[in-house]
Amino acid sequence: MSTASKDKSVLSPGAFLIRGLAAGLVAGLLAFIVAFAFGEPYVDDAIALEEAAAAQAPAEEHPADHADEDEAGIVEISRDNQKSWGLLTGTLVVGTALGGLVSLAVAAVVGRLGNLSARGSTALVALIGFVAIALVPFTKYPATPPAVGSGETIGGRTASYFALQLVSVLAAIAMVVLANKLRGRFEAWTAATIAALSYVVIVAVTAFLLPTVNELGDFPADTLWYFRRSSLLVLATMWATIGVLLVALVGRLHDRAVAEANRRELAASI
């Protein structure tokens, strides 16, 4: 193999980014389809249950005063718009952002993860990203339908979720660095196992220390279960799409770049 295939300069971060953004757009569109088909029906069920519970609750002493406060400065968005254009906009934005971030991470690690090819490096980055960014926080703080739970604690619940996510991401980065450093002393699989176990310990301790949130009371378990299952399916769809598309696009980009670099080396040696 020519030394050009190991030359990181043949790979442009900008070219990675363009492909990542394109993959993210496709991922966002597919995630919207999955969320609309499998998640939104359970959101509708949750909203109906909450509205029915509110209707049966005792009337407030001064409902008119609160009605004036609630209506001031609030723009009502219909439920149909929320689960169509609103949902589509959200999934496209999140998908594009994730695609861009993953592509830049791939650009930073290609050629630096042992003997992994560009395709292998891309697949590994996408897998680690899904576990660290999406799966680990979800296991501790799974998604809850809108309007379910106490609004007074939403700040604390959100902060706990992102705290676990931040620790998970930093631990994942440290895991990759540690695995690379250990490769000189151990077999590749041994180094990877030690690094992975270190990651598991860090996130497990963090998850144990963070508060558990369970404010759902008598909310129907089946509606909650199906909503959370569909939410995880949406996340998996988005990450799998980004990973598969980037493996194909980045692999092709790398192959072309290496072929061009080798052609130039050959031409220069003649």
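Everything numeric here is computed off the predicted structure, so don't read it as measured data.

Engineer: Just checking my understanding: could you explain the side chain of serine 121 for this structure?
Structural biologist: Positionally, serine 121 belongs in helix H4 (residues 118–140). Serine 121 sits in the buried class, given a relative accessible area of 0%. Leaving out residues up to four positions away in the same chain, serine 121 has contacts with Val109, Val110, Leu113 and Leu116.

Engineer: Mind showing me how you'd approach the packing of aromatic side chains here?
Structural biologist: How two aromatic rings sit relative to each other is set out by the distance from centre to centre and by the angle between their planes. In total, this model carries three aromatic pairs according to the counting rule given. Considering the side-chain rings of tyrosine 42 and tyrosine 226, the 5.4 Å spacing of their centres and the 15° angle between planes classify their relative orientation as stacked. Here tyrosine 226 lies in helix H7 (residues 221–269) and tyrosine 42 lies in helix H1 (residues 13–56), a separation of 184 residues in the sequence. In this structure tyrosine 42 comes out as partly exposed when scored by relative accessible area, which is 24%. On the basis of an interplanar angle of 90° and a centroid distance of 5.3 Å, the ring pair of tyrosine 161 and phenylalanine 162 is categorised as edge-to-face. Judged by relative accessible area, phenylalanine 162 falls into the partly exposed class, the value being 46%.

Engineer: Whenever I open this one, the pattern of salt bridges confuses me. Can you help?
Structural biologist: One pass over the structure, following the stated rule, counts four salt bridges. Put simply, arginine 119 and aspartate 255 hold a salt bridge, and the shortest N to O gap is 2.8 Å. Pair noted here: arginine 119 is in helix H4 and aspartate 255 is in helix H7, with a separation of 136 residues, a long-range link. The partly exposed category is assigned to arginine 119, whose relative accessible area is 37%. The network of salt bridges with shared partners includes Glu40, Asp44, Arg79 and Lys83.

Engineer: Could you clarify how one ought to interpret the layout of surface pockets in this entry?
Structural biologist: Where empty space is left in the structure can be found by rolling a water-sized probe over the atoms. Here the second largest pocket is characterised by a volume of approximately 490 Å³. At the level of secondary structure, the elements contributing two or more residues to the lining of the second largest pocket comprise helix H3 (79–109), H4 and helix H5 (154–182). Split by residue class, the lining of the second largest pocket holds 18 nonpolar, two polar and one charged.

Engineer: Mind showing me how you'd approach the nonpolar core here?
Structural biologist: What tends to happen in soluble globular proteins is that the nonpolar side chains get buried as a cluster. With 28 residues, the main nonpolar core has Phe16, Val102, Val106 and Ile242 as its most contacted residues. Mapped by element, the contributors of at least two residues to this core are H1, H3, H4 and H7. Among the elements that make up this core, the one with the highest residue count is H1 (eight residues). In contact with valine 106, not counting residues within four places along its chain, are Phe16, Thr122, Val125 and Val250. Ranked by size, the runner-up nonpolar core spans 14 residues in total, among them Ala172, Ala179, Ala195 and Ala207.

Engineer: When you look at the environment of valine 43 in this model, what are you seeing that I'm missing?
Structural biologist: For valine 43, the position within the fold is in helix H1. Apart from the residues within four sequence positions on either side, valine 43 is in contact with Arg79, Pro146 and Phe227.

Engineer: Is there a simple way to explain the packing of H5 against helix H6 (residues 188–209) in this structure?
Structural biologist: When two helices pack together, their arrangement is captured by the angle between the axes and the distance separating the axes. Running from N to C, H5 and H6 point in directions that differ by 160°, and their axes come no closer than 8 Å. Between H5 and H6, the interaxial angle falls into the category roughly antiparallel. H6 is crossed by H5, and the crossing has right-handed handedness. In this structure, H5 contributes Leu164, Val167, Ser168, Ala171, Ala172, Met175, Leu178, Ala179 and Leu182 to the contact, and H6 contributes Ala191, Ala192, Ile194, Ala195, Ala196, Ser198, Tyr199, Ile202, Val203, Thr206 and Ala207. The class makeup of the residues in the contact of H5 with H6 is 17 nonpolar, three polar and no charged.

What counts, and where the lines are drawn
Residues numbered from 1 in each chain as written. Predicted model: local features only at pLDDT ≥ 70, side-chain atom pairs only at ≥ 80, totals over all residues. Heavy atoms only, no water. Helix = DSSP H or I, 4+ residues; strand = E, 2+ residues; numbered from the N terminus. Buried < 20%, exposed > 50% of the residue type's maximum accessible area, 1.4 Å probe, protein only. Contact = heavy atoms within 4.5 Å. Phe/Tyr/Trp six-rings, centres within 6.5 Å; stacked < 30°, edge-to-face > 60°. Salt bridge = Lys/Arg side-chain N within 4 Å of Asp/Glu carboxyl O. 1 Å grid on protein atoms, 1.4 Å probe; cavity = no way out; pocket = protein on both sides within 12 Å on 5 of 7 lines; lining within 4 Å. Points joined across faces, edges and corners; volume = space filled by probe spheres on them. Nonpolar A, V, L, I, M, F, W, Y, C, P; charged D, E, K, R; others polar. Core = buried A, V, L, I, M, F, W, Y, C linked by side-chain atoms within 4.5 Å. Axes fitted to C-alpha atoms, helices over the stretch in contact; angles between N-to-C directions. Parallel < 35°, antiparallel > 145°, perpendicular 65-115°, else oblique. Left-handed = near helix turned anticlockwise from the far one by under 90°.

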